[in-house]
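Tertiary structure, described
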Amino acid sequence: MAALCEEFTLCGLIASAGAGAGQGVLGLEPGPDPDRVLLTDRGRTATLYKVSDQKPLGCWSVKQDQTITCPAVCNFETGEYIAVHDDKVLRIWKDEDVNLDKVFKATLTAEVYRIHSLPHTEPLVLFKGGAVRTLDALLAAPQQEIENVISDEVIRWSEAFMETQQPVLIFTTEKNGNYFVYVQKVNPNILHKYKLEQEESSHPLSFTAYTKNKILTLLCLYSNGCVYKILMPPQQSVPEEEQILSKSLLLKIVVSDTVLKGASLAILDKDHVAVLGCLDSPPNIAKECLSIWNTKFQTLQTSKELPQGTSGQLWCYGEKFFLTHGKVLTVIVYKCETSSLAAAVGKLKDTQTSGIRTVSSYVNWNMLPEEDLVSPRAQQSVTPKTESKRTLRSRRNNVAKVQRDTLTVEQLLSDIKDSSQNDIEEELRQFLSNAQMSDFQTTIGYIITGLVNRCKTEPTFYPRNCLVQLIQTQGLSYSLCPDLMAVALEKTDVHLLQLCLQQFPDVPEAVTCACLKAFLSINDDSLQGTNVNLDSVISYIDIALNDQVEKQTETVQNGFSSELMEEDSCDIQLTPKPHVVDTEELCPIGPQKAALLNAILHSAYSETFLLPHLKDLSAQQVILFLRYLQYLYIKCSENVSMDFPGMCSPTINQIMDWMCLLLDAHFTVVVMLPEAKGLLFSLHKFVRAQVRFYSELNKIEGSLQELQRIKPQKDFGLYSIEMLELV
Amino acid sequence: MGEFQVHRVRFFAYVPAGIRCVAHSPRSARLALARTDGALEVYNFAANYFQEKGIPGHETRSTEALCWTAGDRLFGAGLGGDISEYDLEKLRVKYSLDGFGGPIWSMAADPSGTQLAVGCEDGSVKLFQVLPDKIQFERSLDRQKGRVMSLSWHPSGTRIAVGSIDLLRVFDVKSGHAIQRILVDRRLQGLYSRECVVWSVAFLSNGTIVSSDSVGKVQFWDSEKGTLLETHPVSSSAVLCLAVSEEEDSIVVGTSEGAVYQFQLLPVKWGSAESKWVRTKPFQHHTHDVRAVAHSATALISGGLDAQLVIRPLMEKVHGKGYDAALRKFTFPHRRLVSCAKKAGLLLFQFPQHLELWRLGATNSAGKDGDILPVSRAPEHLLQLKSKGPEHICCSCISLCGSWIAYSTASRLHLHRVHLENGSVSVKRVSKVPKLLCSAHQLLCSADSTSLFVASDQGAVHVLKLLEPGGCGHLQTLRPNSGSTEAVYLLAASADGDWLAAAGGDWEINVYSLRHFKPHCTVPAYNCAVTALAIHPVTNNLVITHSDQQVFEFSIPDREYTTWSRKVQQHGLHKGWLERDMPITHIAFNPKQPTHILLHDTHMFCILDKSLPLPDDATPLMNQTSLKQLSEKARRGHAHAFKICKKYQVSVLM
């Protein structure tokens, strides 16, 4: 991860005569220590700044008619500053010197392009003719002859490196659109010349180079926005003929047709580069900005817009960027960590269009990425031919059936889009019975998505049997096909909803509550004919008996009188109305609805997400659900083990949890409703009685244990006759 | 389904005799067990640890040592001074040879199984040669002072280690001389005066002798130099027995406190070649002295005076967590000891030396499931028949009407006529019982009480006619077609008197027609022991249970398995049923419900309803409690054929 941190202004830029602010400065060189920089403007002044304090420490300027032509550098060995003005005059001064006129002066015979200063060695002077001299050698004989190495080529960029304790200078030149790279070793004096591959539409804008393990790498930013990497071949003692260097694309800064101008490139570490220039960003207005790119993963790490424009010059010293922004020289501190995949996901959205895919993309975790996504084609292609030949001979009248044998996923999916419901059911049944697919789950996902999409677009199309069949393959989950339950809710298909709730482990709470609402609002009579699975309720609801109960009214029978309210007893009072007692023992809802509600009780949820959706229930629904939960609770407590026998029956924990959730969600409603009053009161009494019972049991627990220990096992004696019932 | 009145009878005071010695035969996966009353039992490990053979005890016989020799022959020697060979086909003692050395304390067969070394009271070790039909005295090794308590052969067969009182000696077999004499410490600490009895020794192939003594230590000796290698104090009381595994890396010892310990040869450091014997696992399964231990390849076997045989599989040797890894405890014999005269409401109890006849009580009231009804008439002890002679009773039976009682010892068959009138009982012995040369292994009265079926060896079943007022005559002898020589140990007769089924020691079941007195058919062979047989009174289907818990139903008139039986085989029995460790010992039927079969083993009884569906492994087998909570209609959906009740544990008859 790279990030741009604080930013501050170092100094203002003076618009010198003949050059607007857009031209920028002549150069910025590092000072004697990391906190000082030498700024040379395009006029006559060289200033030494202290970066952290943002103030100039010293300022030197040449006389009125003279201009500095080469940026001032600092000689690290001696601490002196060197500058060239008027192309040929060399000036060397120290901090104490005030007036540049009075300092050491040497006039040279050729024009100086740049002076490069390297730590622990003498500065190198590069002439515009391509010759290189060390400073000492030059000063020993300032008037010495300087040869012209490059002819008619213009030096565009130069840089100096230390290579095995020897300085190496690399510079690029241009002539008629051809670019050349020269590598000059000082000791021994060897010059290599290379030619860069030519690009038709673009030309290099900026170069930067670094050396690693004696290999020199050149990076260039072309005007089409590409950064190329060129590896310099290893140095040979005898220079051969001119070699053409090949380059490899390192990074493409996406620019749409606009040509980069005035951009520059800086290398931050082995995986990051900084680019200052125009970056194309929507809505297609080129803006100037500074951006840091990760070259390993080709991602943009960070960028900063420069609305006030920049001259395109960028320097990078000591984890700081120095660039011109508007009328000031800005310093931006950056942080650049080593690149890793997790950090380098970058900021740009991946706008690449993927390859052609026939269906919506699921991630198939079982398959390796190299394999084809839809592989059943490969598997099924082997067998169909032989199969069809054999069956053709024997069953000539079943030609249509033969063709169906070779059903592939694509055919099925395309048939789903247009065939009739019966055909689809038939095909699906065959497909499922034949299929021996390795990616069974994804295929089922495709199929059911296709079906549900068609259901959504065509309201009359509802292949219930197909959907039930697919769900019962137990390969589905909610997230594979989120719309399935929505469609089922629309059509109020309770059987399908029950299956989904039982099979899918990841039903969101919103959908669970929607199902709950739907279940509670359905009339019991309309549930009679439906195909709901009653396994979970038979252990406590006698189905035949309840059928008679359904005919009675649905009004809540409170079953208590005011006398009971005042008494504080735990026993169940025998009320004078026997039929009231009966209805209390009967389930308030029919067995189908009970089975559906049990499916809700079993589904997974998390409280924080469920409560807001639970509030959607109406008051009557809440009361009905609470009555059912109360009935379950009482029935559950009748068993010694506090649970129902059987596999899918609700457990006491689930009952209690849902009761608490309901009361939490609808507390105010429940407290206000008159019907709820009786329900809550009986529930409260029951629970209070249980709690009291358990606390009393706890008190006598010790004595009971003693009694059991003292009393021997039930002694039948030598002979006894007992009754045994076997069912 | 039904309500039943259950008579819970707890006055059958049968005390099984303690186990004195065991011998394990790894080749045939069998264990021979001798009890203190002289009875011998053979357990077949491969057939789910079924007690397949039993020889009744004898008053004077006291077996101190058992061993298997080559050819699966079993020899026993005891304090009577005799060496006996047991005939496992005819289930009796073949012959006995006097050792002429006084009481025999120990016996061991040499590794090749051709020689027997016998340690006697007089201090001599006698060698006998095992010949094909007898044993012959070969010679005697040097006599030593002090009785030979234990002896063990070296795996090479050239040396014998002998343990006696305070001493261990090593004899060279060829010369007969003692080549090493080792003094065993009398004490570790404490009193010096009590002598130390070396109860058992084992000779390992590397020359190490392992000894266990009455002080409670297990010691390892070097037989070459006669020095002590290691001492392990195991208990404060005697260590009575030890056994070494075949690979000689594990030793099991039993103490008189009822504990069993395992010693293992483990490397001192991981990967080092040097190894030491370390006491690893303790087991406490017995309440009294452990007098015999054996080491099979996968399990430790121990038997003691508490009459229990405990087989403890070693977890590291058993693969998987199946039922092979379970601990098994056998206390009661797998044979029928109680007979019931259904019509008369009488019970006959078989004890080793006498029989008791009881009348069941009655009640007048009715009740619900789980009620204990008040007994209006208490059970009565009507009769006690003592058997004469030292031999123990082998088998007994009572006719359905209660008027005939028959029992047999190893040599004689006794028949008695019982008259029950108005509360008084009189019994008269039938004197002229046909002298059968062979002993009876099973007795059964026919349904109409007119015939007595006597199962004897050589696969034959004798049919005796019971004549009023008190006589009997030999009617017929039924022999199987295959000419097997094994003794028949199970009989079943049909209610209409037409058919008789007999199962012999070779696991062959023959069905005879009683009308024509000849073999009718043979049930297809099944490679597991038969544990119970019964013929349905109405359909004449023969129900067979095997020791691997399989249940078959064979239709006698049609001579083939019934469709229900085929369905059971195809569907497979429930895992919980197959994993029971006790075999079914009795099958009965409910006359009012022709589709019901009643089965029971030691821990449970089950009513198998053939009309209900069979359970698969996913449904619980013991579903009575859960079924009782459901309503009627729901029960029908969930009920399956096996209705198991475990309320009455350790039942010997149902």
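As recorded in an unreviewed UniProt entry, chain B goes by UTP4 small subunit processome component and comes from Chrysemys picta bellii.

The name given to chain A in an unreviewed UniProt entry is Nucleolar protein 11, with Chrysemys picta bellii as the source organism. Checking UniProt for chain A, the heading Subcellular location (unreviewed entry) contains the comment "Nucleus, Nucleolus".

All names here are of chain B. Pairing within the open sheet is antiparallel, and its 4 strands lie in the order E51-E52-E53-E54. Edge strands, defined here as strands with exactly one partner in the open sheet, are strand E51 (586–590) and strand E54 (642–645). Geometrically, the sheet is characterised by an average inter-axis angle of 20° between neighbouring strands, direction not taken into account. Pairing geometry for strand E52 (residues 593–600) and strand E53 (residues 605–609), over 5 bridges, is antiparallel. Within E53, the residue paired with Leu599 across the bridge is Cys606.

Turning next to the packing of aromatic side chains. Using the criterion set out here, one finds 25 aromatic pairs over all chains in the structure. Centroid distance Phe554 of chain B to Tyr561 of chain B: 5.6 Å. Interplanar angle 85°. Geometry classified as edge-to-face. Across this residue pair, the class does not change: Phe554 of chain B and Tyr561 of chain B are buried. Each residue in the set Phe11, Phe12, Tyr14, Phe349, Phe351 and Trp358 of chain B is aromatic and connected to the rest through ring pairs, giving one cluster. The positively charged end of Lys193 of chain A is found above the aromatic ring belonging to Phe180 of chain A, 4.6 Å away from the centroid. The aromatic ring of Trp404 of chain B is capped on one face by Arg417 of chain B, whose charged end is 5.0 Å from the ring centroid.

What follows covers unusual backbone geometry. Residues and elements named next belong to chain A. Although it is not a glycine, Gln54 adopts a positive phi angle of roughly 55°. Among the secondary structure elements, Gln54 is positioned in the loop between strand E4 (45–50) and strand E5 (55–61). Take Gln54: its relative accessible area is 36%, and that puts it in the partly exposed class. Non-glycine residue Thr492 carries a positive phi angle of around 50°. Relative to the assigned elements, Thr492 resides in the loop between helix H9 (483–491) and helix H10 (494–503). By relative accessible area, which is 41% here, Thr492 ends up partly exposed.

This brings us to the nonpolar core. Residues and elements named next belong to chain A. In terms of nonpolar packing, the biggest core is built from 86 residues, with Leu484, Met485, Leu614, Phe625 and Tyr628 touching the most fellow members. Considering each element in turn, this core owes the most residues, 11 residues, to helix H18 (residues 619–638). Residues within four places of Leu614 in sequence aside, it is in contact with Cys513, Leu516, Trp658, Leu661, Leu662, Ala665 and His666.

Rules used throughout
Residues numbered from 1 in each chain as written. Chains lettered and ligands numbered in written order. Predicted model: local features only at pLDDT ≥ 70, side-chain atom pairs only at ≥ 80, totals over all residues. Heavy atoms only, no water. UniProt positions renumbered as here; feature names shortened; annotations may be inferred. Pairing = 2+ DSSP bridges. Helix = DSSP H or I, 4+ residues; strand = E, 2+ residues; numbered from the N terminus. Axes fitted to C-alpha atoms, helices over the stretch in contact; angles between N-to-C directions. Phe/Tyr/Trp six-rings, centres within 6.5 Å; stacked < 30°, edge-to-face > 60°. Buried < 20%, exposed > 50% of the residue type's maximum accessible area, 1.4 Å probe, protein only. Lys NZ or Arg CZ within 6 Å of the ring centre and 35° of its normal. Core = buried A, V, L, I, M, F, W, Y, C linked by side-chain atoms within 4.5 Å. Contact = heavy atoms within 4.5 Å.

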